[in-house]
Amino acid sequence: MQSEEFLSHLTTERLGRNLALFSTLDSTSSYIRRKLPFLPHGFTAIADEQLDGRGRRGKSFYSPKNDGLYFSFLLKEEKYRNDPLFTIRISYAVCRAVDKLTGTESVKIKWVNDLYAGTKKIAGILCEAPGNETGSLIIGIGVNFTVEKSLVPQELRHKIGSLRDVTSAKLSKGALCAYILNELEAMYGAPLDDEEFLAAYRRRSAVLGKEIQVLRENTELRAAALDIAPDGGLVVRYPSGITEKLTAGEISILING
């Protein structure tokens with residue numbers, strides 16, 4: 001990616017204004033973590049390829065060269081970390097940015113913050129709070145633009161999709177990266193209306209009203225996804241009739257079928 005491609009679409013005041021581009025990197029989030037004390041709010045690292053991309057719960061994030069947008073950015077303003085809805089706001093910002101890039105509204109959010117086209121994951125988001133930097137967040141985002149199925153591990157081929165599943169048009173990685181940062185900064189630049197936001201998030205949910213499986217360690221529990229709680233938790237009902245609010249750190253959700 002060329003910096004001009006990114007900067008020509010960027011409308012933020014701070015997010016993305018300090019930028020580092022790499023051909024190959026272990027992980028954009030790991031790079032920011034190593035340099036954290038010296039980096040300003042909004043610093044963004046973008047790589048054409050990640051050798052050790054990471055997802056939630058320590059899982060690897062498949063990041064082959066030139067197949068996707070792989071980037072991380074640093075937030076040092078406490079308004080982000082102090083917002084209980086931040087994790088689902090960032091997923092909605094990515095969803096809106098994909099809408100703008102593709103001219104569609106076909107992408108859905110699988111709680112908490114994966115993006116799906118149909119039944120295939122096309123994007124993942126990892127939010128980390130480094131313990132040595134109070135108030136800081138490192139946000140890592142990976143979006144698949146294309147997928148060469150022959151290079152994907154066999155067990156992942158039926159799970160991984162890309163923006164090619166949304167549109168056949170030629171798309172710009174730099175534009176999408178800029179759109180994501182634009183959406184997020186604009187979201188926090190105006191007074192936050194949580195009720196209005198949650199209503200919009202629910203409309204883009206891939207799980208509400210569906211049967212799901214709750215994974216808790218090695219146990220799988222069948223449940224119905226009922227609602228998004230005011231704090232961003234997922235309200236589910238088990239076959240026993242018991243309802244529970246799930247939080248981001250406890251579980252993973254699998255859409256059945």
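The rules behind each value
Residues numbered from 1 in each chain as written. Predicted model: local features only at pLDDT ≥ 70, side-chain atom pairs only at ≥ 80, totals over all residues. Heavy atoms only, no water. Pairing = 2+ DSSP bridges. Helix = DSSP H or I, 4+ residues; strand = E, 2+ residues; numbered from the N terminus. Axes fitted to C-alpha atoms, helices over the stretch in contact; angles between N-to-C directions. Contact = heavy atoms within 4.5 Å. Buried < 20%, exposed > 50% of the residue type's maximum accessible area, 1.4 Å probe, protein only. Polar contact = N/O pair within 3.5 Å; in protein donor to acceptor, adjacent residues only side chain to side chain. Parallel < 35°, antiparallel > 145°, perpendicular 65-115°, else oblique. Left-handed = near helix turned anticlockwise from the far one by under 90°. Expected span 1.5 Å × (residues − 1). Core = buried A, V, L, I, M, F, W, Y, C linked by side-chain atoms within 4.5 Å.

A short note on the sheet that holds strand β5 (residues 114-117)
Next up, step 1: If you walk across this open sheet you meet the 7 strands as β1-β2-β3-β7-β6-β5-β4, and the pairing is mixed. Only two strands of the sheet have a single neighbouring strand rather than two, namely β1 (19-25) and β4 (108-110). The average undirected angle you get between the axes of adjacent strands in this sheet is 20°.
Next up, step 2: Here strand β2 (residues 44-50) pairs with strand β3 (residues 68-75) via 4 bridges, running antiparallel. Bridged to Ile46 within β3 is Phe71.
Next up, step 3: Set on the sheet, helix α5 (residues 173-189) makes contact with β2, β3 and β7 (137-144); between it and β3 the angle comes to about 30°.

Observations concerning the side chain of Arg204
Next up, step 1: Along the chain, Arg204 falls in the loop between α6 (194-203) and β8 (211-216).
Next up, step 2: Among the residues examined, Arg204 registers a relative accessible area of 8% and is labelled buried.
Next up, step 3: A polar side-chain atom of Arg204 sits 2.7 Å from a polar atom in the side chain of Asp99.
Next up, step 4: There is a polar contact of 2.8 Å between the side chain of Arg204 and the backbone oxygen of Val107.

Some thoughts on the packing of helix α4 (residues 86-102) against α5
Next up, step 1: Two numbers describe how α4 lies on α5: the axes approach to 8 Å, and their chain directions differ by 130°. The angle between α4 and α5 falls in the class oblique. Considering the relative orientation of α4 and α5, their crossing is right-handed. Only Ala175, Leu176, Tyr179, Ile180, Glu183, Leu184, Met187 and Tyr188 of α5 make contact with α4, whose side of the interface consists of Phe86, Arg89, Ile90, Tyr92, Ala93, Val94, Arg96, Ala97, Val98, Lys100 and Leu101.

Brief notes about the pairing of strand β9 (residues 219-228)
Next up, step 1: Pairing analysis gives 6 bridges linking β8 to β9, with the strands arranged antiparallel. Within β9, the position partnered with Ile212 by the bridge is Ala223.
Next up, step 2: The antiparallel hairpin formed by β8 and β9 contains 2 residues in its connecting segment, where Glu217 sits at a positive phi of about 60°.
Next up, step 3: Of the strand pairs in this sheet, β9 and strand β10 (residues 234-237) are connected by 4 bridges, and their pairing is antiparallel. Considered in β10, the bridge of Ala225 is made with Val236.
Next up, step 4: Remark: 5 residues form the turn of the hairpin made by β9 and β10, two consecutive strands paired antiparallel; Gly232 in that turn has positive phi of roughly 90°.

Overview of α4
For an α-helix the count is 3.6 residues per turn, leaving residues at separations of three or four pointing the same way.
Next up, step 1: Taking 1.5 Å of rise per residue, the 17 residues of α4 would be expected to cover 24 Å, and the 24 Å separating its terminal C-alpha atoms lies within 8% of that figure.
Next up, step 2: Counting buried residues in α4 gives 14 out of 17 residues, a clear majority hidden from the surface.
Next up, step 3: Residue Gly103 follows α4 closely and has a positive phi angle near 70°.

What to know about the nonpolar core
Next up, step 1: Judged by nonpolar contacts, the single largest core of 61 residues is most densely connected at Ile141, Leu163, Leu176 and Leu184.
Next up, step 2: Dropping the residues within four chain positions of it, Leu163 is found in contact with Val98, Leu101, Ile122, Val143, Asn144, Phe145, Leu171 and Leu176.
Next up, step 3: With 11 residues, the next largest nonpolar core counts Leu25, Tyr31, Leu36 and Leu39 among its residues.

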